Amino acid sequence: MRNRSIAFVLISLFVWGVITYFLFLDRPIGKEQDKNLLTIQITKLESEVKHQIAINRELLKHIGEQLKKAAEKVPPEVKDTRKDPIQNYVHKAGERNQEPKEDKPKTSFSKETQKKTLPNGSPIIAVLVFSCNRITVQRCLDQLIKLRPNVDQFPIIVSQDCEHQQTADVIRSYKNQLLHIQQPDQSEIDIPPREKKFRGYFKIARHYGWALNQVFVEFGYETAIIVEDDLDIAPDFFEYFLGTYPLLVSDKSLWCVSAWNDNGKSGLVDEHAHNLLYRTDFFPGLGWMLKRDLWLELAPKWPRAYWDDWIRQPEQRKNRACIRPELSRTRTFGKIGVSNGLFFEKHLKFIKLNEQFVPFTAMNLTYLLKDNYDIAFVNEVYQSKVVSYSELKSGNIVVPGPVRIPYYTRQTYKSTAKMLGLMDDFRSGVPRTGYRGVVTFFYNKRRVHLAPGANWNGYDITWS
Ligand code: UD1
Ligand code: MN
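First things first, this report covers the structure right here in the doc. (Residues numbered from 1 in each chain as written. Chains lettered and ligands numbered in written order. Predicted model: local features only at pLDDT ≥ 70, side-chain atom pairs only at ≥ 80, totals over all residues. Heavy atoms only, no water.)

**Structural notes on the pairing of strand S3 (residues 179-182)**
Where we set the bar: Burial classification: accessible surface area is computed with a 1.4 Å probe over protein chains only, and a residue below 20% of its type maximum counts as buried, one above 50% as exposed, and the rest as partly exposed. Strands are runs of DSSP state E lasting at least two residues, helices are runs of H or I lasting at least four, and both sets are numbered from the N terminus onward. Any two strands with at least two DSSP-identified bridges between them are counted as paired. If you view a crossover with the strands going away from you and the path from the first strand over the helix to the second runs clockwise, you call it right-handed.
Burial along S3 is two-sided: Leu-179 and Ile-181 and His-180 and Gln-182, pointing in opposite directions, are all buried. Inspection of the sheet shows strand S2 (residues 156-160) paired to S3 by 4 bridges, in the parallel sense. If you follow Val-158 over to S3, its bridge partner there is His-180. Handedness of the crossover joining S2 and S3 through helix H6 (residues 165-172): right-handed.

Next comes the structure, spelled out in structure tokens:
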């Protein structure tokens, strides 16, 4: 006990030392402005310390549980199953739901699924589906199961938040075709008054944090595809991720593969360019693949809300890109959800879902590797003919090939994007689908690059 108090005093002194060091040595004080700055810094520091304490508490809890488990006397005949995190979880879930034993998923979630690859060397990729209280999750699950080329290669894990009974029943009806897990923490979240109306975003972030830990840490998968319960998928959804998997593994400047094109409306895409893929600096989400190492990097600082905008910040993105298709491999049907239906009515519902199967695994996709791509991309963009919006619209351009509409300010980007029907917003300074500042789309039978000056040297995070 004495040792603990001494440790406590020492830690407090240390924390205080750090605080005073940063606050007083780093910058001179005296003026009113500095005082405000100080207050902001202290508040920020305080919330960071609180956040860290919460994470440590979680960790301690986890360690405690592990120790308890290890201490339990396990009869030899069940020892192996209990070491298997998936089986282990199934047991726990079963206990909570008090399901009869025979209903528990078995075969497809045996230890085999924990391997990184199938016997033929092809990767095992977990499909993590997020659900809450919409029974229409059925629409998404039916498609995933119907199109899944191999049960062992793509184990489906449906993670459910919200404890909605009807939705749980729907998910359970798939029996051992998938694994149903439930987010156990349904406690009220402490939300600042001004953000009360965004409660849903806090719940989603909490759920994501928990479920991704289950998949990568508890179950030990190497790779996962994240799907939300309101997504339709294209016939080559699985083939797309399998085909791009080697890129994600070998190109460290990639951190995800996404099935989504933010500007993928009919009229802005080449409906014949089924096999065309791009790199993008804008994290698209909405059906995306990541590797465990990324999760392990993000997990310790996972945010309490708005996870997708958070992940787009430079501190997280670290200049990494995602692969995205010309024609989306997902489409959302979630008109009623956490965000308002207006965005759905105005934009999301027009996204065109690819209908033709492309054999990506049999194709050479090395053109998407950064070293190959950037040179070719920059050449194409900056050698293309400059046109104005009205020339493009009139369709009177005579030269063949791609064209370019330059932009130099945030405002001209936004107004041109608006006229063309593109998304005109920025996240951390990055326009949707942007790569090196360039937004590429298809308009009037022509590839168009809405592009900053050739001397572009990075995103301006004040553009919003
Ligand atoms: C939007 C994004 C979504 C992102 C979310 C978080 C679009 C079209 N969608 O959600 O990709 O993850 O913001 O910033 O841009 N859910 C829970 N718990 C809840 C409520 C919802 O787990 O309490 C799950 C839903 O089942 C769903 C996902 O979270 O899988 C997103 O919820 P949804 O209601 O579809 O919100 P969006 O506005 O689409
Ligand atoms: Mn949604």
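**Comments concerning the side chain of Ser-131**
What counts is decided by this rule: Note on definitions: a residue-residue contact is assigned when non-hydrogen atoms from the two residues lie within 4.5 Å.
Relative to the elements of secondary structure, Ser-131 occurs in strand S1 (residues 126-131). Each residue touching Ser-131, except ones within four places of it in the same chain, is listed here: Val-137, Val-158, Ser-159, Gln-160, Asp-161, Thr-167, Ile-171, His-207 and Asp-229.

**Thoughts on the nonpolar core**
Considering soluble globular proteins, one finds that nonpolar side chains tend to be buried as a cluster. As a reminder of what qualifies: In these notes, a set of buried Ala, Val, Leu, Ile, Met, Phe, Trp, Tyr and Cys residues joined through side-chain atoms within 4.5 Å is what counts as a nonpolar core.
Grouped together as the largest cluster of nonpolar side chains are 45 residues, with contacts concentrated most on Val-129, Leu-141, Leu-144, Val-227 and Phe-237. In terms of residue count, the dominant contributor to this core is helix H8 (residues 237-250) (8 residues). Discounting residues that sit within four places of it in the chain, Leu-141 has contacts with Val-129, Val-158, Ile-171, Tyr-174 and Leu-178. Counting 32 residues, the second-largest nonpolar core is a separate cluster that includes Leu-118, Ala-126, Ile-181 and Leu-298.

**As for the sheet that holds strand S16 (residues 446-451)**
Under the convention used in this document: Fitted lines through C-alpha atoms serve as axes, helices being fitted only where they are in contact, and the angles separating the N-to-C directions of these axes extend from 0 to 180 degrees.
Strand order in the open sheet made by the 4 strands is S11-S12-S16-S15, with mixed pairing throughout. Across the chains shown, the open sheet's two edge strands, defined by having one partner strand only, are strand S11 (385-386) and strand S15 (439-443). Where strand S12 (residues 403-406) meets S16, 4 bridges bridge the pair, whose relative direction is parallel. Considered in S16, the bridge of Ile-405 is made with Leu-450. Together, S11, S12, S15 and S16 form the strand contacts of helix H13 (residues 370-383), whose direction differs from that of S16 by roughly 95 degrees.

**Overview of the sheet that holds strand S9 (residues 321-325)**
Across the sheet, which stays open at both edges, the 8 strands sit in the order S3-S2-S1-S4-S8-S6-S9-S7 with mixed pairing between neighbours. Here the strands that pair on one side only, and so sit at the sheet edges, are S3 and strand S7 (277-280). On average, adjacent strands in this sheet sit at an angle of 25 degrees to one another, irrespective of strand direction. Along the sheet, H6 contacts S1, S2 and S3; its crossing angle with S3, the most-contacted strand, is approximately 155 degrees.

**Regarding the site of ligand 1**
Note the threshold: Proximity is defined per residue: any heavy atom of the residue falling within 4 Å of a molecule or strand makes that residue near it. The term polar contact refers here to a pair of N or O atoms within 3.5 Å; inside protein, the definition further demands a hydrogen-donor-capable atom paired with an acceptor-capable atom, and it admits residues adjacent in sequence only when both atoms are side-chain atoms. Surface accessibility follows the Shrake-Rupley procedure with a 1.4 Å probe radius. Residue values consider only the protein chains on display as shielding. Throughout this entry, Asp, Glu, Lys and Arg are counted as charged residues, while Ala, Val, Leu, Ile, Met, Phe, Trp, Tyr, Cys and Pro are counted as nonpolar. The remaining residues, Gly among them, count as polar.
Near ligand 1 there are 21 residues, and of these Asp-161, His-207, Glu-228, Asp-308 and Ser-339 occur at the shortest range. Contact between ligand 1 and Lys-203: an oxygen atom at 3.0 Å from a side-chain N or O atom of the residue. Contact with the protein chains removes 91% of the 740 Å² of surface that ligand 1 exposes when unbound. Counting residues per element, the ones that place at least two in the shell around ligand 1 are S1, helix H7 (199-218) and helix H10 (307-311). If one sorts the elements of the shell around ligand 1 by residue count, H7 sits on top with 5 residues. Of the residues assigned to the shell around ligand 1, the class counts are 10 nonpolar, 4 polar and 7 charged.

**Digging into the side chain of Ser-159**
With respect to the element layout, Ser-159 can be found in strand S2. With near-sequence residues (within four places) excluded, Ser-159 lies in contact with Leu-128, Val-129, Phe-130, Ser-131, Ile-181, His-207, Trp-210 and Ala-211.

**Structural notes on the pattern of salt bridges**
What counts is decided by this rule: The salt bridge definition used is simple: a Lys or Arg side-chain nitrogen within 4 Å of an Asp or Glu carboxyl oxygen.
On inspection of all chains with the given rule, the structure shows 26 salt bridges. For the salt bridge of Asp-251 with Arg-279, the shortest nitrogen-to-oxygen distance reads 2.9 Å. Taken together, the residues Asp-251 in the loop between H8 and strand S6 (254-258) and Arg-279 in strand S7 connect sequence positions 28 residues apart. For Asp-251, a relative accessible area of 8% translates into the label buried. For the salt bridge of Glu-355 with Lys-352, the shortest nitrogen-to-oxygen distance reads 3.8 Å. When its relative accessible area of 17% is taken as the criterion, Lys-352 is described as buried. One salt-bridge network, held together by shared partners, links Asp-262, Asp-309, Arg-312, Asp-425, Arg-427 and Arg-432.

**What about the state of the cysteines?**
Basically, it comes down to this: Cysteine sulfur atoms that pair up within 2.5 Å are treated as a disulfide.
Under the defined criterion, the tally for this structure stands at 2 disulfides. A disulfide bridge connects Cys-132 with Cys-162, and the sulfur atoms are separated by 2.1 Å. On the sign convention where negative is left-handed, the bridge of Cys-132 and Cys-162, at about -100 degrees about the S-S bond, is left-handed. Placement of the pair is Cys-132 in the loop between S1 and helix H5 (137-147) and Cys-162 in the loop between S2 and H6, with a sequence separation of 30 residues. With its sulfur 2.2 Å from that of its partner, Cys-256 forms a disulfide with Cys-322. Disulfide Cys-256-Cys-322: torsion about the S-S bond near 115 degrees, hence right-handed. Highlighted residues: Cys-256 in strand S6 and Cys-322 in strand S9, separated in sequence by 66 residues.

**Quick word on the pairing of S12**
Where S11 lies against S12, 2 bridges are found, and the strand directions are parallel. Its bridge partner being in S12, Val-386 is matched across the sheet by Arg-404. In this fold, S11 hands off to helix H14 (residues 389-394), which returns the chain to S12; that crossover is right-handed.

Don't take any of this as a statement about function, it's just geometry.
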